[in-house]
Amino acid sequence: MADLTELVQEPRTSAAIASIGMGMLRKRLPSDWVVIEVSVDFKNDRADKAFILRSPDGAEQRVAVEAKRSLEVRDIPRIREKFDELIAQGFATTGMITAKYLAKSTRERLAAVGLSYADATGNLLMRAQSPALFISDRGSDSDPWRGPGRPRGTLKGEPSAKVVRALLDVQGPWRISELVKASAASTGSVYRVLEFLESEALLTREGDGTLFVPDWSALLRRWSEDYQFLGTNAITQWIAPRGIDSFLDNVRKNETGDYSITGSVAAATWATYAPVRSAMIYSMNPERAAAVWGLRATDAGANVILAMPTFDTVIRGVVDRPDGLRIAAPTQVAVDLLTGPGRAPSEGEELIKWMINNEQLWR
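Everything numeric here is computed off the predicted structure, so don't read it as measured data.

A. Summary view of the overall build of the protein. Secondary structure summary: the protein contains 16 helices and 16 strands in total. In terms of overall dimensions, the protein has a C-alpha envelope of 75 × 50 × 40 Å along the principal axes. In the protein, of all internal contacts separated by at least 6 residues, the share reaching a separation of at least 24 is 64%. When the accessible area of the protein is evaluated, it comes to approximately 17300 Å², of which 47% is carbon and sulfur surface. One way to put it: in the protein the 45 positive side-chain charges average out to a point 1 Å from where the 46 negative ones average out.

Put into structure tokens, the structure is as follows:
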């Protein structure tokens, strides 16, 4: 993708932001479709703009547009209610959000509640039932106008991993002091992570300060966008020449003491997806572990991946399996699979299904 700051001028006024959707639609619609800006009195529930979308057969959709310089996931229910009121009052038949930039999680939530959207980087979704229309386009997954001094919305890094793993592994509810202790993160880091999670509607805070995670699987999936098994850790690839079963026997017989199995092998502890063909293992000393376990280094065709963790949070909560293998916590295994190679993401989905149905067994 080209540098969008060179291709797109940053919209600096509300009027410019409100016009983004109409401009994008005009460029992408067939020539016999029409987009007409209209002046509508929205009274007390005024939107920023409205336009009519007209098909070649004369069918029309009246679209109310709300412009946002920035939009967080937690704001979406209120905006959805506002559009519902406009539709009920006959001022519009559907709603659209326009913004300078919409994060991936925000776009996904807008789509989930039935709202169209457009941002200045090219992200676009327009859905209408009558006339029938579906247009989708991909822009940037990062804000091209975010300055270096501005805080970045992310769950990357060790503090985020510490807080997220604590919230995932224990059901709660939580007090901030309890979360600081359980996560072993600094108080400032915990507050910053919690602020971001609240903005993403992944955490709720009661009036007395009590913290709840309404949907742990949504939190895990959002973490997987920033914590990548292959991208976060130092990865080396190896071949177990006699296959995975023989390799696992070697692991049992030759204990290195500093490893944690994740991926397919660990997931089979709870939810078997398919015969295990490869192994993903955290090790604090991959070279030593490879030598002890009889692995051979390779650039292609690996059936064992050894990962030296960037931070030790990922090997917190390991479980000693009855067959003698040490495996990572199920939440860590799930996020590793979601971001792993090959069929790993599908296996991650199966493990998450098991975790949802058996929450009392692991949480």
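From this point, things continue past the structure.
B. Up close: the environment of Ser-260. Checked against the element boundaries, Ser-260 lands in strand β11 (residues 259–262). According to the relative accessible area criterion, Ser-260 is buried, its value standing at 0%. Separated by 51 residues in the primary sequence, Ser-260 and Gly-209 have C-alpha atoms spaced 36 Å apart. Filtering out sequence-adjacent residues up to four positions away, Ser-260 remains in contact with Ile-281, Tyr-282, Ile-315, Val-318, Arg-326, Ile-327 and Ala-328.

C. Here's a closer look at the pairing of strand β4 (residues 94–99). Of all 6 residues in β4, 6 are buried; the element is thus mostly enclosed. Where burial is concerned, the two faces of β4 agree: the one with Thr-94, Met-96 and Thr-98 and the one with Gly-95, Ile-97 and Ala-99 are both buried. Here 6 bridges tie strand β3 (residues 60–68) to β4, and the two strands are oriented parallel to one another. Pairing of Val-63 across the sheet is with Thr-94, part of β4. In this region the chain leaves β3, passes through helix α4 (residues 76–88) and returns to the parallel neighbour β4; the handedness of that crossover is right-handed.

D. Seen up close, helix α6 (residues 158–169). Helix length check: α6 (12 residues) gives 16 Å between terminal C-alpha atoms against 16 Å at 1.5 Å per residue, within 8%. For α6, every residue scored as buried is listed here: Ser-160, Ala-161, Lys-162, Val-163, Val-164, Arg-165, Ala-166, Leu-167 and Leu-168. Residues of α6 that are buried in the fold lie against α7 (176–183), α8 (187–199), α9 (216–226), α14 (330–338) and α16 (359–362).

E. Region of interest: the pattern of salt bridges. In total, this model carries 24 salt bridges according to the counting rule given. Ionic pairing is found between Arg-28 and Asp-137, a salt bridge with its closest N-O pair at 2.9 Å. Note that Arg-28 is positioned in helix α3 (residues 20–28) and Asp-137 in strand β7 (residues 133–137), a separation of 109 residues in sequence. What makes Arg-28 partly exposed here is its relative accessible area of 32%. What makes Asp-137 partly exposed here is its relative accessible area of 34%. Across the pair Asp-84 and Arg-80 runs a salt bridge, and its minimum N-O distance is 2.8 Å.

F. Focus on the side chain of Thr-98. Residue position: Thr-98 is located in strand β4. Once residues lying within four places of it in the same chain are set aside, the contact partners of Thr-98 are Ile-17, Ala-18, Ile-20, Gly-21, Val-65, Glu-66, Ala-67, Lys-68 and Ala-118.

G. Region of the structure containing the sheet that holds β7. One open sheet holds the 7 strands; their spatial order is β1-β2-β3-β4-β5-β6-β7, and the pairing between them is mixed. Looking along the sheet, the strands with just one partner apiece sit at the ends: β1 (34–38) and β7. Strand after strand, the sheet turns through a mean of 25° between neighbouring axes, direction not considered. Strand direction decides the pairing type here: β1 and strand β2 (residues 49–54), joined by 5 bridges, are antiparallel. Its bridge partner being in β2, Ile-36 is matched across the sheet by Ile-52.

H. Fine view of the nonpolar core. Residues Phe-247 and Leu-351 are the most contacted members of the largest nonpolar core, which totals 68 residues. With 6 residues, the single largest contributor to this core is α6. The next biggest cluster of nonpolar side chains, apart from the first, holds 23 residues, and it includes Leu-53, Val-63, Leu-124 and Ile-135.

I. Quick look at the confidence of the model for the protein. Here the protein averages 88 in pLDDT, while 94% of its residues score no lower than 70. At the low end of the mean pLDDT range in the protein sits helix α1 (residues 4–7), at 42; at the high end sits α14, at 97. Below pLDDT 50 for its whole length, residues 1–7 participates in 8 contacts with residues either more than four positions away or in separate chains.

J. View of the packing of α9 against α14. Relative to each other, α9 and α14 sit at 50°, their axes nearing to 9 Å. Comparing the axis directions of α9 and α14 gives the class oblique. The element α9 and its partner α14 pack so that their crossing is right-handed. For the pair α9 and α14, contact is made by Leu-220, Arg-221, Trp-223 and Ser-224 and by Thr-331, Gln-332, Ala-334, Val-335 and Leu-338, respectively.

Conventions we followed
Residues numbered from 1 in each chain as written. Predicted model: local features only at pLDDT ≥ 70, side-chain atom pairs only at ≥ 80, totals over all residues. Heavy atoms only, no water. Helix = DSSP H or I, 4+ residues; strand = E, 2+ residues; numbered from the N terminus. Contact = heavy atoms within 4.5 Å. Areas by Shrake-Rupley, 256 points an atom, 1.4 Å probe, with all protein chains shown as cover. Lys, Arg positive; Asp, Glu negative; His and termini not counted. Charge placed at Lys NZ, Arg CZ, Asp CG, Glu CD. Buried < 20%, exposed > 50% of the residue type's maximum accessible area, 1.4 Å probe, protein only. Pairing = 2+ DSSP bridges. Right-handed = clockwise from strand over helix to strand, strands pointing away. Expected span 1.5 Å × (residues − 1). Salt bridge = Lys/Arg side-chain N within 4 Å of Asp/Glu carboxyl O. Axes fitted to C-alpha atoms, helices over the stretch in contact; angles between N-to-C directions. Core = buried A, V, L, I, M, F, W, Y, C linked by side-chain atoms within 4.5 Å. pLDDT = per-residue confidence, 0-100. Parallel < 35°, antiparallel > 145°, perpendicular 65-115°, else oblique. Left-handed = near helix turned anticlockwise from the far one by under 90°.

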